[in-house]
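Chain by chain, the residues:
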Amino acid sequence: MSVFSADARRALLLQALPDLLPMASAYHTGWVVLQLLGVISGLASERAQIVRDLRALARARPVASVCIAGSADCGLLSVLHEAFGEGVAALKVRIADRAPAPLALCRQYAGAMGFALTAEMCDLRAPPDAAAPRVDLVLAHSLLSFIAPAERAGLLGHLAARLAPAGSLLLYQSVRAQHGAALLAYAPPQVERMVAASLAAQRTAALHVPLLGERALEEIVRAFCAAKVTHAVASSDELAAGARAAGLGAVRCEPLPARELAGHRPATPDSLYVKWMLQAQRVD
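Residues numbered from 1 in each chain as written. Predicted model: local features only at pLDDT ≥ 70, side-chain atom pairs only at ≥ 80, totals over all residues. Heavy atoms only, no water.

Draft legend 1. Local environment of the pairing of strand 1 (residues 65–69). With five of its five residues buried, strand 1 lies for the most part within the structure. Side chains of strand 1 alternate between two faces, with Ser 65, Cys 67 and Ala 69 and Val 66 and Ile 68 buried alike. Two strands pair when backbone bridges link them, and strand 1 and strand 2 (residues 92–97) are joined in this way by five bridges, in the parallel orientation. By the bridge assignment for strand 2, Ala 69 is matched with Ala 96. Between strand 1 and its parallel partner strand 2, the chain crosses via helix 4 (residues 75–84), and the hand of that crossover is right-handed. (Buried < 20%, exposed > 50% of the residue type's maximum accessible area, 1.4 Å probe, protein only. Helix = DSSP H or I, 4+ residues; strand = E, 2+ residues; numbered from the N terminus. Pairing = 2+ DSSP bridges. Right-handed = clockwise from strand over helix to strand, strands pointing away.)

Draft legend 2. Fine view of helix 5 (residues 100–113). Between its terminal C-alpha atoms helix 5 stretches 20 Å, which fits the 20 Å expected from 14 residues at 1.5 Å a residue. Among the residues of helix 5, Ala 101, Pro 102, Leu 103, Leu 105, Cys 106, Tyr 109, Ala 110 and Met 113 are the ones counted as buried. Among the structural elements, helix 1 (6–20), helix 2 (26–36), helix 4, strand 2 and strand 3 (118–121) are those in contact with the buried residues of helix 5. Trailing helix 5 by a residue or two, Gly 114 shows a phi angle of about 95°, which is positive. (Expected span 1.5 Å × (residues − 1). Contact = heavy atoms within 4.5 Å.)

Draft legend 3. Region of the structure containing the sheet that holds strand 2. If you trace the seven strands from one edge of the open sheet to the other, you get 3-2-1-4-5-9-8, paired in mixed fashion. Two strands lie at the open edges of the sheet, namely strand 3 and strand 8 (248–255), each paired on one side alone. Neighbour-to-neighbour, the strand axes of the sheet open up by a mean angle of 15°, direction not taken into account. Sheet contacts for helix 3 (residues 47–60): strand 4 (135–141), strand 5 (163–175) and strand 9 (274–282); angle to strand 5, the most-contacted strand, approximately 165°. (Axes fitted to C-alpha atoms, helices over the stretch in contact; angles between N-to-C directions.)

The following block contains the structure:
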């Protein structure tokens, strides 16, 4: 089985790119392309912290099954792979998302790295299948940004329902108190900056993405910016209260250290934010 490698993940994304280029999903295609160009960080700036948190959880209680709830690509799966190393092959891993593109990327990643997973196409805002096996860990990143505030309590309840007794929820989420519940969308000058940064990166040998001419690249970036509309999470208190309302206990809600985010290149406009880690446990 292959160990985690950033170079191997990049090669896999490049290999998968032709299947994404028909623009079946403007958001997922743009997310991959902008990471390949180095314009956005993806999970890179937080990877080390998440790996440490996953390993600490596994030391505290054996983890045999994991559900990744929501996935823009295979990034969070690769973090799980890095954290568990060869032990990931012994895990029962499930990816749950409503879009086919990230599920396909995760299947490709797992296949290339030599471990199995189950892909579940579903809307996480709906209750999970009552007959589905429960898991020791539900792992999510930025998921609440794609959920309207009025639907978040229900979502957290459904994530909690996926957990086995004493199972853990580990969720990473940006908090933008200055925005309240407003929608976050790119303003025209922000779109132009994203386009300019992408074209500049494409002209460098180190970051050049084959198969993309400049016009096609500009179309991908503009389509991504149009599709990237998210909901701000107003406070860390909202995260903790939501977990408790979902029946979870031992709730921890902590900001990620500033040093972890120092090199972050955001994919969301006005991203002067603090990323928080929410950890909670099913108590029944």
